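Results of the structural survey
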Amino acid sequence: MSNAVVLQGVGRLGSAILEGWLLTGAVDPKDLIILTPSEKPVAEKARALGAQINPALDALAHAKAFVIGVKPAKWVEAAQPILQHLNPEAVIVSVMAGVPEVTISAGFGGRRVVRVMPTTGVAQGKGVASLWSSDQAAMNIGLSLFEPIAETAVLTSEDLMHAATAVSGCGPAYYFAFTRALAQAGVAEGLPEDVAVKLARATLRSAAAGVVGDESLDALIDRVASPGGVTQAGLVVLNENGALDRPVKGAVKAAVDKSTELSA
Ligand SMILES: NC(=O)c1ccc[n+]([C@@H]2O[C@H](COP(=O)([O-])OP(=O)(O)OC[C@H]3O[C@@H](n4cnc5c(N)ncnc54)[C@H](OP(=O)(O)O)[C@@H]3O)[C@@H](O)[C@H]2O)c1
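Note that the structure is a prediction, hence the values are computed from the model and not measured. (Residues numbered from 1 in each chain as written. Predicted model: local features only at pLDDT ≥ 70, side-chain atom pairs only at ≥ 80, totals over all residues. Heavy atoms only, no water.)

1. A closer look at the pattern of salt bridges
This structure, assessed with the given rule, holds 6 salt bridges. Note that Arg47 and Glu44 form a salt bridge whose closest N and O atoms lie 3.0 Å from each other. Highlighted residues: Arg47 and Glu44, both in helix 2 (residues 41-48), separated by 3 residues, approximately one helical turn. Taking the relative accessible area as the measure of exposure, Arg47 reaches 41% and is therefore partly exposed. For Glu44, a relative accessible area of 26% translates into the label partly exposed. In this structure, Lys258 and Glu261 form a salt bridge, with 3.7 Å as the shortest nitrogen-oxygen distance. Of the two residues, Lys258 and Glu261 are both situated in helix 11 (residues 245-263); the distance of 3 residues between them amounts to about one turn of the helix. (Salt bridge = Lys/Arg side-chain N within 4 Å of Asp/Glu carboxyl O. Helix = DSSP H or I, 4+ residues; strand = E, 2+ residues; numbered from the N terminus. Buried < 20%, exposed > 50% of the residue type's maximum accessible area, 1.4 Å probe, protein only.)

What follows is the structure, encoded as structure tokens:
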């Protein structure tokens, strides 16, 4: 088997993965085979470094991994032309939301599968990715492709993919929604809107930059909130009788339910 890695689909997530691989050298561009119906800037960048774009399909005969980067509604159709050419030992790496391992494996002639749920932060080598596979060798391939571009979490059950998606996949939108609420609260206290939005956005970036190492979340809060101080006064109100915990739990539960419904 060669080191060839096939990426099928260079959309929002496929582009981000490719950017991350080029940035970190996780995959040698000369080992990359990219399948895309339309020209994409990042694929052209990879081509200039030695990647093959839409080569004759017999190039897939020795691939070690096949990354599905198309939409869940498209993968069966997209797999058809490549199936007979793809190395039977290739590991299928699916980033598709909601499509179970067993379904993907059946669609790929029984090949081994690793499911990965990454965020688009992989483009900067700063993503988050949850992984699940029932096969350790497939898991190792998944880790080799995503550890260089993301913080990874190996899940102990496929069902947990839904919760992992709700926390890390949907999570950025929840942080942005909180940031918007923070800006609106600043406006209510007299800040001009542009100033409030600027402060709230910059605070999100600044807070994220402070999350390094393994310092606990309680310790991070304590770094900002001194006992009896200004921040502490706000924190007491923020979570009075679970006022913050309850809707966050509700949001994650709703996302898990939706993810479960979509994968049924
Ligand atoms: N976006 C995210 O943040 C995110 C996060 C986690 C998981 N995912 C998963 O990632 C997958 C892709 O999502 P996305 O947001 O990147 O979607 P997207 O932007 O629509 O990208 C899908 C890509 O698939 C390409 N494509 C369609 N048919 C193809 C074929 N037969 N061969 C090769 N490429 C083909 C499309 O090419 P054209 O552009 O030429 O039409 C398009 O660029 C989905 O399964 C989704 O569940 C996405």
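2. Quick notes on the site of the ligand
Near the ligand, the surroundings consist of 21 residues, among which Arg12, Leu13, Ser38, Lys40 and Val70 are the closest. Lys40 is positioned such that a nitrogen or oxygen atom in its side chain is 2.6 Å from an oxygen atom of the ligand. Across the complex, the protein chains shield 74% of the 900 Å² of accessible surface that the ligand would expose by itself. Mapped by element, the contributors of at least two residues to the shell around the ligand are helix 1 (12-24) and strand 6 (113-118). (Near = heavy atom within 4 Å. Polar contact = N/O pair within 3.5 Å; in protein donor to acceptor, adjacent residues only side chain to side chain. Areas by Shrake-Rupley, 256 points an atom, 1.4 Å probe, with all protein chains shown as cover.)

3. Re the packing of aromatic side chains
Under the definition given, this model contains 2 aromatic pairs. Seen from their ring centres, Phe66 and Phe108 are 5.5 Å apart, and the 50° between their planes marks the pair as tilted. One end of the pair, Phe66, is in strand 4 (residues 65-68); the other, Phe108, is in the loop between helix 4 (101-107) and strand 6, with 42 residues separating them in the sequence. Arranged with centres 6.0 Å apart and planes meeting at 10°, the rings of Trp75 and Phe108 form a pair that is stacked. (Phe/Tyr/Trp six-rings, centres within 6.5 Å; stacked < 30°, edge-to-face > 60°.)

4. Here we look at the packing of helix 6 (residues 160-169) against helix 11
Between helix 6 and helix 11, whose axes approach to 8 Å, the crossing angle comes to 130°. Between helix 6 and helix 11, the angle is such that the two are oblique. Seen from above, helix 6 lies across helix 11 with right-handed handedness. For the pair helix 6 and helix 11, the contacting residues are His162, Ala163, Ala166 and Val167 in the first and Val252, Ala255, Val256, Ser259, Thr260 and Ser263 in the second. Of the residues assigned to the contact of helix 6 with helix 11, the class counts are 6 nonpolar, 4 polar and no charged. (Axes fitted to C-alpha atoms, helices over the stretch in contact; angles between N-to-C directions. Parallel < 35°, antiparallel > 145°, perpendicular 65-115°, else oblique. Left-handed = near helix turned anticlockwise from the far one by under 90°. Contact = heavy atoms within 4.5 Å. Nonpolar A, V, L, I, M, F, W, Y, C, P; charged D, E, K, R; others polar.)

5. A word on the side chain of Arg111
Note that Arg111 resides in the loop between helix 4 and strand 6. As a buried residue without a salt bridge, Arg111 has its nearest oppositely charged side chain in Glu89, at a separation of 8.3 Å. Separated by 3.4 Å, the side chain of Arg111 and the backbone oxygen of Leu83 make a polar contact. A polar side-chain atom of Arg111 sits 2.8 Å from the main-chain carbonyl oxygen of Phe108. (Lys, Arg positive; Asp, Glu negative; His and termini not counted.)

6. Here we look at the sheet that holds strand 5 (residues 91-94)
Spatial strand order, 3-2-1-4-5-6-7-8: 8 strands in an open sheet with mixed pairing. The open sheet terminates on both sides in strands that have one partner only, identified here as strand 3 (52-53) and strand 8 (150-154). The pairing of strand 1 (residues 5-8) with strand 4 spans 4 bridges and is classified as parallel. By the bridge assignment, Val5 is partnered in strand 4 with Ala65. Its contacts with the sheet place helix 5 (residues 136-146) against strand 1, strand 4, strand 5, strand 6, strand 7 (127-132) and strand 8, and it is angled at close to 30° to strand 6. (Pairing = 2+ DSSP bridges.)

Shape is all these values report; function is a separate question.
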